[in-house]
Amino acid sequence: MRPRALVCGVDEAGRGPLAGEVVAACVVLDPRRPIEGLADSKQLSSAQREALAERIRADALGWAIASATVEEIDRLNILQASLLAMQRALDSLCVEAHEVLVDGLYVPRNAPAGARAVVQGDATVPAISAASILAKCARDAAMVALHERCPRYGFDRHKGYGTSEHLQALRLHGPSAHHRRSFAPVRELLVQGKLF
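Along each chain, residues carry numbers from 1 onward, in the same order as the chain's sequence is written. Note on the predicted model: pLDDT of at least 70 is required for a residue's local features to be given, and 80 or more for side-chain atom pairs to be given and counted; whole-chain, interface and lining totals, by contrast, use all residues. Side-chain metrics in this entry use all non-hydrogen atoms of the structure; hydrogen atoms and water are not considered.

Draft legend 1. Focus on the overall build of the protein. A count of helical and extended segments in the protein gives eight helices and five strands. Segments assigned H or I by DSSP are reported as helices when at least four residues long, segments assigned E as strands when at least two residues long, and all are numbered from the N terminus. Starting at the N terminus and ending at the C terminus, the protein contains elements arranged as β-β-α-β-α-α-β-β-α-α-α-α-α. Overall, the protein is about 65 × 35 × 25 Å in size when its C-alpha atoms are taken along their principal axes. Any two residues whose heavy atoms approach within 4.5 Å at even a single point are treated as in contact. When contacts within the protein are restricted to residue pairs at least 6 apart in sequence, long-range pairs at least 24 apart make up 61% of them.

Shown next, in the form of structure tokens:
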């Protein structure tokens, strides 16, 4: 019997926030050990994501997580930094897959030959769903850890997204070293001289 083709799913988390790194993950699921409940990480509760992430890390044939820094985001732009994080995750993966599928419209420049983008792949391709869950859990954990070092911004609650609470904290305290200065809300306040 011919073995089933192995698919590597790739996705990122954290393109939209005003602060923190962008995180990417890639996952090669084991066809013999299917994981029930995989879905786009945005459609799952935090508890569901954490439980699934534990299963993915235990049962997948291989997985890797990588990131791109705030400085890289500001220098390259968020799309290129996301692709860089994806490439780093792929470079760290110890399992060779037959096919690499990346959520969205673009594939990292140095991805394996034949890699292709899948629009809304995080909702339709289990391996991409798994990658989206690992990336989201890793990024959320990083933002909670960042809150411990920088508590006045509330990163543990909004994870760096531009909520009214976060924008108020930015106006009050100025940006931290973890804020993306190329993002409009931060950049505009800097230009207006309201932030250091």
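That was the structure; now back to the text.
Draft legend 2. Main features of the sheet that holds strand S4 (residues 99–103). A pair of strands is labelled paired if DSSP reports no fewer than 2 bridges between them. Here five strands make up an open sheet; going across it, the order is S3-S2-S1-S4-S5 and the pairing mixed. For this open sheet the edge positions go to strand S3 (62–68) and strand S5 (116–118), each flanked by a neighbour on one side alone. Along the sheet, successive strands turn relative to each other by an average axial angle of 25°, direction set aside. Both strand S2 (residues 22–28) and S3 contribute to a ladder of seven bridges, which runs antiparallel. Each bridged residue has a counterpart across the sheet, and for Val-22 the counterpart in S3 is Ala-68. Only the contacting stretch of a helix is used when fitting its axis, a line to C-alpha atoms as for every element, and angles between N-to-C directions run 0 to 180 degrees. Sitting on the sheet, helix H3 (residues 78–92) is in contact with strand S1 (7–13), S2, S3 and S4, with an inclination near 145° to S3. Along the sheet, helix H5 (residues 126–149) contacts S1, S2, S3, S4 and S5; its crossing angle with S1, the most-contacted strand, is approximately 35°.

Draft legend 3. Molecular detail of the state of the cysteines. Here, the term disulfide refers to a pair of cysteine sulfur atoms separated by no more than 2.5 Å. As enumerated under the stated definition, the model contains zero disulfides in all. Free cysteine Cys-26: the closest other cysteine sulfur is in Cys-8, separated by 4.5 Å. You can see Cys-94 has no disulfide; the closest cysteine sulfur is in Cys-26, sitting 9.5 Å from it. Only protein chains enter the accessibility calculation, which uses a 1.4 Å probe; a residue whose area is less than 20% of its type maximum is buried, one above 50% is exposed, and one in between is partly exposed. Residue classification places Cys-94 among the exposed positions, given a relative accessible area of 76%.

Draft legend 4. Structural view of the environment of Ala-184. Take Ala-184: it is sitting in helix H8 (residues 184–191). Expressed as a C-alpha distance, the spacing of Ala-184 and Leu-18, which sit 166 residues apart in the sequence, is 8.7 Å.

Draft legend 5. Main features of the pairing of S4. In terms of residue burial, S4 counts as a mostly covered element, since four of its five residues are buried. Pairing between S1 and S4: four bridges, direction parallel. Opposite Cys-8, over in S4, you have Val-100 as the bridge partner. Pairing geometry for S4 and S5, over three bridges, is parallel. Following the sheet pairing, Val-102 is matched in S5 by Ala-117.

Draft legend 6. Structural view of the pattern of salt bridges. Should a side-chain nitrogen of Lys or Arg be within 4 Å of a carboxyl oxygen of Asp or Glu, the pair is scored as a salt bridge. A full pass over the atoms with the stated rule returns 11 salt bridges. Asp-122 is the salt-bridge partner of Lys-42, the closest N and O atoms lying 3.4 Å from each other. Note that Lys-42 is positioned in the loop between S2 and helix H1 (46–59) and Asp-122 in helix H4 (residues 121–124), a separation of 80 residues in sequence. Its relative accessible area of 7% is what places Asp-122 among the buried residues. Close ionic contact of Glu-99 with Arg-116 constitutes a salt bridge, the shortest N to O distance being 3.2 Å. Taken as a pair, Glu-99 in strand S4 and Arg-116 in strand S5 lie far apart in primary sequence, 17 residues in all. Overall, Glu-99 belongs to the partly exposed group, its relative accessible area being 29%. Residues participating in the shared-partner salt-bridge network are Arg-33, Arg-55 and Asp-59.

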